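The chain contents come next:
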Amino acid sequence: MEPINESDFYFIYEDDKLNEEKEKVSIEKQVKNKKGLVVIVYSFSPEIEEIIKFGLKSILDQYEKSGLVNTVYNVLFESILNGLKANSKKLFFIENSLNIDDPDDYAKGIIQFKKDINKSNLRQSGAKNKERNIYVRVKFTYDSSGLEIEVLNNTQLLPAEEARIREKLALGDKYDDLMSYYMDNSDSTEGEGLGLVLSLILLKAENLDPSLFRIGTKNGLTFARIEIPFNNQFISKRNHLL
């Protein structure tokens with residue numbers, strides 16, 4: 001994939017002044033000129049959610065891959081939601097004066113966090129996230145060979161979290177449908193990590209290599225990368241991640 005200069009990316013920031021229709025026009029122009037898109041998310045409002053899906057659809061339409069929109073968006077949605085949950089967890093521990101790196105504090109805080117967390121809470125935390133510069137960045141890079149979507153959040157995975165992700169990715173790679181996964185794991189899971197497993201199954205259903213969906217961490221940041229080849233000229237970056 002040909003690199004895109006940082007100056008050629010169009011940035012959209014989630015805030016109260018966001019003009020959805022204006023941004024859609026700008027996205028269409030950007031995609032027509034084959035330049036990149038970056039969306040900065042703080043709370044995943046319905047407006048920014050629509051803009052992200054519109055950007056994805058515009059790119060896939062451009063390269064006659066419209067049939068992949070729903071699958072890729074579902075995988076992207078899961079990655080964004082996981083990033084927001086990680087950021088909300090970070091904010092929760094800060095606000096409750098708990099050290100997320102301390103095993104005792106973590107054990108105490110994570111129970112309450114799981115009770116409190118829901119999509120509504122994620123969206124309500126947007127102003128606090130913005131104030132503390134806690135965000136999720138969605139970056140679209142593409143050319144005629146394929147599409148790369150990088151979802152970055154500035155909260156680093158804890159070692160135990162990274163281990164669970166590796167486990168779920170390895171587990172999901174074994175299944176081609178959700179029913180088989182449920183049949184084998186109904187007694188050992190309460191739904192945690194199900195989104196990751198489902199993402200791999202969805203990609204397989206479209207004959208997309210599940211190894212092109214990867215998660216990694218570096219320099220205090222967490223990445224999810226989704227790569228969609230358009231032809232055999234596409235070169236993957238998967239060796240850079242887990």
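Residues numbered from 1 in each chain as written. Predicted model: local features only at pLDDT ≥ 70, side-chain atom pairs only at ≥ 80, totals over all residues. Heavy atoms only, no water.

(A) Up close: helix H1 (residues 20-32). Taking 1.5 Å of rise per residue, 13 residues should cover 18 Å, and H1 covers 18 Å from first to last C-alpha, within 8% of that figure. When we look at burial in H1, the residues that qualify are Glu23, Lys24, Ser26, Ile27, Gln30 and Val31. Projection of H1 onto a plane perpendicular to its axis shows the buried side chains occupying an angular sector of 165°, all on one side. Projecting away from the buried face of H1 at angles above 90 degrees are the exposed residues Glu21, Lys22, Lys29 and Lys32. The elements touched by buried residues of H1 are strand S1 (10-13), strand S2 (37-41), helix H2 (46-62) and strand S3 (136-143). The backbone nitrogen of Glu21 lies 3.3 Å from a side-chain oxygen of the residue at the head of H1, namely Asn19. In the stretch just after H1, Lys34 is the one whose phi turns positive, near 60°. (Helix = DSSP H or I, 4+ residues; strand = E, 2+ residues; numbered from the N terminus. Expected span 1.5 Å × (residues − 1). Buried < 20%, exposed > 50% of the residue type's maximum accessible area, 1.4 Å probe, protein only. Arc of directions from axis to C-beta. Contact = heavy atoms within 4.5 Å. Polar contact = N/O pair within 3.5 Å; in protein donor to acceptor, adjacent residues only side chain to side chain.)

(B) Highlighting helix H9 (residues 194-205). Here H9 spans 16 Å end to end across 12 residues, near enough to the 16 Å set by a 1.5 Å rise per residue. Burial analysis of H9 places nine of its 12 residues in the buried class, which makes it a mostly covered element. Among the residues of H9, Leu194, Gly195, Leu196, Val197, Ser199, Leu200, Ile201, Leu203 and Lys204 are the ones counted as buried.

(C) Fine view of the pairing of S3. With eight of eight residues buried, S3 is to be regarded as a mostly interior element. Of the two faces of S3, the one holding Val136, Val138, Phe140 and Tyr142 and the one holding Arg137, Lys139, Thr141 and Asp143 are both buried throughout. One ladder, built from eight bridges, connects S3 with strand S4 (residues 146-153); its direction is antiparallel. Each residue of the ladder has a partner; that of Val138, found in S4, is Val151. Here S3 folds back onto S4 in antiparallel fashion, the turn holding two residues. (Pairing = 2+ DSSP bridges.)

(D) Representation of the pattern of salt bridges. Under the defined criterion, the tally for this structure stands at 11 salt bridges. Between Asp61 and Lys57 there is a salt bridge, with the nearest N and O atoms lying 2.7 Å from each other. Remark: Lys57 and Asp61 occur in helix H2; sequence separation between them is four residues, near one turn of the helix. Asp61 sits in the partly exposed class, given a relative accessible area of 29%. Taking the relative accessible area as the measure of exposure, Lys57 reaches 42% and is therefore partly exposed. Taking the shortest distance from any N to any O, the salt bridge between Glu150 and Arg137 comes out at 2.4 Å. Of this pair, Glu150 sits in strand S4 while Arg137 is found in strand S3, placing the two residues 13 residues apart along the sequence. Both residues of the pair, Glu150 and Arg137, count as buried. (Salt bridge = Lys/Arg side-chain N within 4 Å of Asp/Glu carboxyl O.)

(E) The environment of Ile110, seen in detail. Take Ile110: it is sitting in helix H4 (residues 103-116). Taking the C-alpha atoms as reference points, Ile110 and Lys89, separated by 21 residues in sequence, lie 8.1 Å from one another.

(F) Representation of the packing of aromatic side chains within the structure. This structure, assessed with the given rule, holds eight aromatic pairs. Measuring from ring centre to ring centre gives 6.2 Å for Tyr63 and Tyr142, while their planes differ by 65°; the resulting arrangement is edge-to-face. Here Tyr63, found in the loop between H2 and helix H3 (69-95), pairs with Tyr142, found in strand S3; they are 79 residues apart in sequence, far enough to count as distant. Here Tyr63 and Tyr142 have matching classes, each one buried. Every member of this aromatic cluster is reached through a ring pair, and the members are Phe92, Phe93, Tyr106 and Phe113. (Phe/Tyr/Trp six-rings, centres within 6.5 Å; stacked < 30°, edge-to-face > 60°.)

(G) Just the nonpolar core, in detail. Of all hydrophobic cores here, the largest spans 46 residues; its most connected members are Ile52, Leu76, Val138, Phe140, Leu147, Ile149 and Phe213. Per-element accounting of this core gives the leading share, nine residues, to H3. Once residues lying within four places of it in the same chain are set aside, the contact partners of Leu76 are Ile52, Val138, Phe140, Ile149, Val151 and Ile226. Ranked by size, the runner-up nonpolar core spans eight residues in total, among them Phe9, Val38, Tyr135 and Leu152. (Core = buried A, V, L, I, M, F, W, Y, C linked by side-chain atoms within 4.5 Å.)

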